[in-house]
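# Fold and contact review
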Amino acid sequence: MITLFRFGPAWETFGCISQFVLKVETYLRMAGIDFETKSLGVTFSETAPKGKLPYIDHDGTTVADSSIIVAYLEDQFGMRLDGSLDAVDRARGHVIQRMVEEHIWWLMARERWWAPENPYWHTPGLLQGVDQASYEAVRDENHRKCQEHGVGAFTDEEFGDRGRQDIDALATLLGDSPYLLGDQPTSVDATTYAFLWQIMNAPYTSQLKEASLGHANLVGYIDRIHERFFTDDPRSLEREVSSA
Ligand SMILES: N[C@@H](CCC(=O)N[C@@H](CS)C(=O)NCC(=O)O)C(=O)O
């Protein structure tokens, strides 16, 4: 059995606030691999091998980092999603995945930590219960990380342009196709779905959300994947073996 370690359900409709956790969960669902979830909340750092979520346990083997997990699952269960891709599609998927994970992730981090709604404040299993000073320390540390990355330095207008460029590029690459690399879902769809679903369902002010919802093909893409893979136990509450 695969156990997927996550922060835990939050924001009413989210199984976990982590895009990378949802990426692995989407991969497991698309590949038809059974799994259970275990929510760790703020205690994750006590056990997470790389100090981040997600990580998995597979019959006693622990694997951390979403991409290393996907590679491990392909090794253990076969190339269920990407087996028939040619070299060009593999490269295209790689480039999309890197943009989403290494750039859109930072845009999302900035939106979440800057949002007037303070979405992380009182997030069950995450910062709920911490005092004001501790919350502000975590928030300030994340503002510092965003400044260091560079994404924290943009004006709102520059930030909006930058986000729209990425979202427009995804919409153009998807075009009229059901999935990013053709008629069937592949691992890049697991990544892109995870990020776009969380953007489109963000319970806070978000320029990325506005940009994404403006593309009918991206909305259709997210609905298509949700309908096909997430109608059964969408937040994995029935798969949960413990709560934070
Ligand atoms: N490269 C990692 C990134 C994972 C990651 O950044 N996880 C975030 C949540 S989205 C995390 O655990 N952050 C907690 C921390 O850095 O303290 C992956 O693909 O799994």
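Here goes a summary of the coordinates provided. (Residues numbered from 1 in each chain as written. Predicted model: local features only at pLDDT ≥ 70, side-chain atom pairs only at ≥ 80, totals over all residues.)

Next up on the list: the overall build of the chain. A count of helices and strands for the chain gives nine helices and four strands. Walking the chain from its N terminus toward its C terminus, one meets helices and strands in the order β-α-β-α-β-β-α-α-α-α-α-α-α. Across its three principal directions, the C-alpha atoms of the chain cover 50 × 45 × 30 Å. Across the 244 residues in the chain, those meeting the buried criterion constitute 35%. Taking the contacts inside the chain whose residues are at least 6 apart along the sequence as the reference set, 72% of them involve residues at least 24 apart. (Helix = DSSP H or I, 4+ residues; strand = E, 2+ residues; numbered from the N terminus. Buried ≥ 20, exposed ≤ 12 C-beta atoms within 10 Å, placed from the backbone. Contact = placed C-beta atoms within 7 Å.)

With that settled, consider the pairing of strand S4 (residues 61–64). Alignment of strand S3 (residues 55–58) against S4, held across four bridges, turns out to be antiparallel. Looking at S4, one finds that isoleucine 56 is bridged to valine 63. (Pairing = 2+ DSSP bridges.)

Right, let's talk about the sheet that holds strand S2 (residues 35–39) for a bit. Strand order in the open sheet formed by four strands is S2-S1-S3-S4, with mixed pairing between adjacent strands. A strand with exactly one partner marks an edge of an open sheet, and here the two such strands are S2 and S4. Mean inter-strand twist for the sheet, computed between neighbouring axes without regard to direction, equals 25°. Sheet topology places strand S1 (residues 2–6) next to S3; four bridges connect them, and they run antiparallel. Bridging across to S3, isoleucine 2 finds its partner in histidine 58. Against the sheet, helix H1 (residues 19–31) touches S1 and S2, its axis set at about 155° to S1. Sheet strands touched by helix H3 (residues 66–77): S3 and S4. Its angle to S4, the strand with the most contacts, is close to 135°. (Axes fitted to C-alpha atoms, helices over the stretch in contact; angles between N-to-C directions.)

On to helix H6 (residues 156–174). For H6, built from 19 residues, the straight-helix expectation of 27 Å at 1.5 Å per residue is met to within 8% by its first-to-last C-alpha distance of 27 Å. Residues of H6 that are buried: Gly163, Ile167, Leu170 and Leu174. Viewed along the axis of H6, the buried residues span an arc of 50°, placing them on a single side of the element. Exposed positions of H6 whose direction lies more than 90 degrees from the buried face are Glu157, Glu158, Gln165, Ala169 and Thr172. On its buried face, H6 is in contact with helix H4 (87–114), helix H7 (187–200), helix H8 (207–213) and helix H9 (216–229). (Expected span 1.5 Å × (residues − 1). Arc of directions from axis to C-beta.)

Another point: the site of the ligand. In the vicinity of the ligand, the contacting residues are Ser18, Gln19, Phe20, Lys52, Leu53, Pro54, Asp65, Ser66 and Ser67. Looking at the shell around the ligand, the elements with two or more residues in it are H1 and H3. (Near = placed C-beta within 6 Å.)

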